[in-house]
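Here's the letter readout for the chains.
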Amino acid sequence: MSSLPGNVGGRPDSGSLEVIVPDGGTTIRWTSHGYPNSLAKWHYHPQIEIHLIREGSGQFMAGDGLMSFEAGHVALIGSNLPHNWISDIRPGERLAHRDVLCHVRPQTIRMLSSVFPETAGFEQVLRRALHAVVLSGESARQAADLLVAMGEHDEDRRVADLIAILSIFEHASPDESRTLVTPEYNPMVAVGAEDGINAAISYISKHLDEVSLQDAADAASMSPSTFSRFFKRVAGIGFADFVRRLRIGRACRLLSCTDMPVARIQRMSGYSNASNFNRRFLEETGLTPSAYRKNYSPR
């Protein structure tokens, strides 16, 4: 896979174009990778993508939407919809087996539906995918198991796996299926944005404990005021709110996965003031840091 910024077939860029080449004689591409990884960035591609996060937690970005994710997160990304998963990791940390995913062109699904009318409902799945569909509960568990198993199967069996996964997205109950991107989102607002967004996200992730608007703007080669407007327009969330979400996400992970003192976690999450940290944490999670640790730490 490679990334080619710029116009593609006369279509202005709205993320970093990922050119996905299936294995010869196949229409489904299955792959897995860890994090950080050169593929883990704000990008888009013509294929639909079914994606499982196997380890870690963080923030999922798609179009103008942002939501937290944990291990077991399953999402369906529509054609040419910019997306990215940002994990809460410490400097030098690596998640070796974070991502499992497959790609297939939407035209392939439509051809299948034209031959097998039993799969006509997949057209609605493709339409919802343009707004990023996220599964939860039993639907997510079933889709995750199928996606992992796909990697062990021959090409013909992968077709059956794909149909089964799309069927889960089609029939998932409303309480186990939601879309993330707003109906009015237009990918064209992100024209030419890929370099700036990826530079800013990379900087923010590496300097989360001390990031500033000025430094993030410098990373994106923009003035602070231009960068602030740019980030809000492209990512659908203000810079300060984005940083807060990432910082509280890091705090949640450290509280649940380590026995570090809360005061140290506060500092590692970019808060020098305890009362400010407690207030922001409560606003984001509905719990105090101590209550969160009590509820979510392994017994």
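What counts, and at which threshold
- Residues numbered from 1 in each chain as written.
- Predicted model: local features only at pLDDT ≥ 70, side-chain atom pairs only at ≥ 80, totals over all residues.
- Heavy atoms only, no water.
- Axes fitted to C-alpha atoms, helices over the stretch in contact; angles between N-to-C directions.
- Helix = DSSP H or I, 4+ residues; strand = E, 2+ residues; numbered from the N terminus.
- Parallel < 35°, antiparallel > 145°, perpendicular 65-115°, else oblique.
- Contact = heavy atoms within 4.5 Å.
- Nonpolar A, V, L, I, M, F, W, Y, C, P; charged D, E, K, R; others polar.
- Salt bridge = Lys/Arg side-chain N within 4 Å of Asp/Glu carboxyl O.
- Buried < 20%, exposed > 50% of the residue type's maximum accessible area, 1.4 Å probe, protein only.
- Pairing = 2+ DSSP bridges.
- Expected span 1.5 Å × (residues − 1).
- Polar contact = N/O pair within 3.5 Å; in protein donor to acceptor, adjacent residues only side chain to side chain.
- Phe/Tyr/Trp six-rings, centres within 6.5 Å; stacked < 30°, edge-to-face > 60°.
- Lys NZ or Arg CZ within 6 Å of the ring centre and 35° of its normal.

Draft legend 1. Structural context of the packing of helix H8 (residues 239–257) against helix H10 (residues 274–285). It is the contact of H8 with H10, at a shortest axis distance of 10 Å, that shows an interaxial angle of 90 degrees. Accordingly, the angle class assigned to the pair H8 and H10 is roughly perpendicular. Contact residues: H8 offers Arg244, Arg245, Ile248, Ala251, Cys252 and Leu255, while H10 offers Phe277, Arg280, Phe281, Glu284 and Thr285. Per-class residue counts for the contact of H8 with H10 are six nonpolar, one polar and four charged.

Draft legend 2. Up close: the pattern of salt bridges. Under the definition given, this model contains 10 salt bridges. One salt bridge connects Asp241 with Arg244, and the closest N-O pair in it is separated by 2.7 Å. Of this pair, Asp241 and Arg244 both sit in helix H8, three residues apart, which is roughly one turn of that helix. Relative accessible area serves as the criterion here: at 35%, Asp241 is assigned to the partly exposed category.

Draft legend 3. Examining the pairing of strand E7 (residues 65–69) more closely. With four of five residues buried, E7 is to be regarded as a mostly interior element. Hairpin remark: strand E6 (residues 58–62) followed by E7, antiparallel, with two residues in the connecting loop; positive phi at Gly63, about 55 degrees.

Draft legend 4. How the structure looks around H10. Taking 1.5 Å per residue, 12 residues should reach 16 Å; H10 reaches 16 Å between its end C-alpha atoms and fits that length. Downstream of H10 by one or two residues, Gly286 has phi in the positive range, about 80 degrees.

Draft legend 5. Focus on the environment of Asp215. Mapping Asp215 onto the fold places it in helix H6 (residues 213–219). Considered as a pair, Asp215 and Phe169 are 46 residues apart in the sequence and their alpha carbons are 41 Å apart. Within the structure, the side chain of Asp215 is placed 3.2 Å from the side chain of Tyr203, a separation counted as a polar contact.

Draft legend 6. Looking closely at the packing of aromatic side chains. Counting across every chain of the model gives 10 aromatic pairs. Taking the centre distance of 4.4 Å and the plane angle of 35 degrees together, the rings of Tyr292 and Tyr296 count as tilted. Linking Tyr292 with Tyr296, this pair stays in helix H11 (residues 289–296), spanning four residues, or about one helical turn. These aromatic residues form a ring-pair network of at least three members: Phe227, Phe230, Phe231, Phe239 and Phe242. The ring of Tyr271 has Arg247 sitting right over it, with the charged end atom 5.8 Å from the ring centre.

Draft legend 7. Structural detail: the environment of Glu184. By the element assignment, Glu184 lies in the loop between strand E12 (177–179) and helix H5 (194–206). Sequence spacing of Glu184 and Asp218 is 34 residues, and the spatial spacing of their C-alpha atoms is 30 Å.

Read these as geometric descriptors, not functional statements.
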